[in-house]
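Chain and residue survey
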Amino acid sequence: MLAPASPNTADYQLPALPYAYDALEPYIDARTMEIHYTKHHAGYTANLNKALEGHADADKDITHILANISNYSTAVRNNAGGYYNHNLFWAVMAPNAGGAPTGTLADDINRSFGSFEKFKEAFNKAAAARFGSGWAWLVVSNGKLAITSTANQDNPLMDVAEIKGTPILALDVWEHAYYLNYQNRRPDYISAFWNVVNWEQVAQNYNAAKR
Ligand code: MN
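Residues numbered from 1 in each chain as written. Predicted model: local features only at pLDDT ≥ 70, side-chain atom pairs only at ≥ 80, totals over all residues. Heavy atoms only, no water.

Observations concerning helix 8 (residues 199–210)
Across its 12 residues, helix 8 extends 16 Å between first and last C-alpha, which sits within 8% of the 16 Å expected from 1.5 Å per residue. Every buried residue of helix 8 is accounted for by Trp199, Val202, Asn205, Tyr206 and Ala209. When helix 8 is viewed along its axis, its buried side chains cluster within an angular range of 115° and face the same direction. In this structure, the buried residues of helix 8 make contact with helix 3 (74–91), helix 4 (103–113), helix 5 (116–129), strand 1 (134–141), strand 2 (144–151) and strand 3 (166–172). (Helix = DSSP H or I, 4+ residues; strand = E, 2+ residues; numbered from the N terminus. Expected span 1.5 Å × (residues − 1). Buried < 20%, exposed > 50% of the residue type's maximum accessible area, 1.4 Å probe, protein only. Arc of directions from axis to C-beta. Contact = heavy atoms within 4.5 Å.)

The structure is reproduced here in structure tokens:
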């Protein structure tokens, strides 16, 4: 007789932060970055593994889980979102970054939103207007660029999202992302974010999302 199959072990890994905790100073302070990565993101990763322990889908790609999130528990929804969202968030920021996009992404932002300035205004509005905890997104939705926001750790890859799409730029507007440095001043944090956007990575995400 065959031995019974061992239950699937979930083994999502916390990716290495691509820069030092103080690399995004003064826009994002080192203490916030350290707590955000080592406590919050690490926590979502550990809790996702716990929530999927023994589940038939424990070894599935995170995008598969997100695309079918309505089939899972609230613990999976919160932690799968928290895991994926922060993976993307760290990657779309970098030291000595900011400025403006170039090439096709710049052209398509201009075409979709009127100008880069208008795009930023609309994104800022989505980030500022998100009540409570959540995220602002630039996504590719049905082949087009769109701005959206989600509550809690939801994201546009989830089957429950109002506007579905592939995220290419993400901004965390949970208070844990800014409160130590900016306290209640979320708009100041949102303005500062543009100084650390890694447009090269966002352009790569855009090209991958369009395929
Ligand atoms: Mn966060």
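Overview of the sheet that holds strand 2
Taken together, the three strands give an open sheet; going across it, the order is 2-1-3, and neighbouring strands pair in antiparallel fashion. Looking at the sheet topology across the chains shown, the edges are occupied by strand 2 and strand 3. On average, each strand axis in the sheet is inclined to that of its neighbour by 20°, with strand direction left out of account. Taken together, the six bridges between strand 1 and strand 3 define a ladder with antiparallel strand orientation. Bridge assignment links Val139 to a residue of strand 3, and that residue is Pro167. (Pairing = 2+ DSSP bridges. Axes fitted to C-alpha atoms, helices over the stretch in contact; angles between N-to-C directions.)

Examining the side chain of Asp154
Structurally, Asp154 is set in the loop between strand 2 and strand 3. At 2.7 Å, the side chain of Asp154 forms a polar contact with the side chain of Arg77. With residues near it in sequence (within four places) discarded, Asp154 still touches Arg77, Asn85, Trp135, Trp137 and Val160. (Polar contact = N/O pair within 3.5 Å; in protein donor to acceptor, adjacent residues only side chain to side chain.)

Overview of the coordination of the manganese ion
Coordination sphere of the manganese ion, protein contribution only: His36 (NE2), His86 (NE2), Asp172 (OD) and His176 (NE2), at 1.9 to 2.1 Å. On the primary sequence, the residues serving as donors to the manganese ion are separated as H-x49-H-x85-D-x3-H. Overall, the relative accessible area of 0% leaves Asp172 in the buried class. (Donors = N, O, S within 2.8 Å, 3.2 Å for Na, K, Ca; no water.)

Quick word on the pattern of salt bridges
Taken as a whole, this structure holds five salt bridges when the rule is applied. Close ionic contact of Asp108 with Arg111 constitutes a salt bridge, the shortest N to O distance being 2.7 Å. Taken together, the residues span about one helical turn, with Asp108 and Arg111 both in helix 4 at a distance of three residues. Overall, Asp108 belongs to the buried group, its relative accessible area being 12%. Note that Glu117 is salt-bridged to Lys120, the shortest N-O span being 3.7 Å. Of the two residues, Glu117 and Lys120 are both situated in helix 5; the distance of three residues between them amounts to about one turn of the helix. (Salt bridge = Lys/Arg side-chain N within 4 Å of Asp/Glu carboxyl O.)

By themselves, these are just geometric observations and shouldn't be taken as functional.
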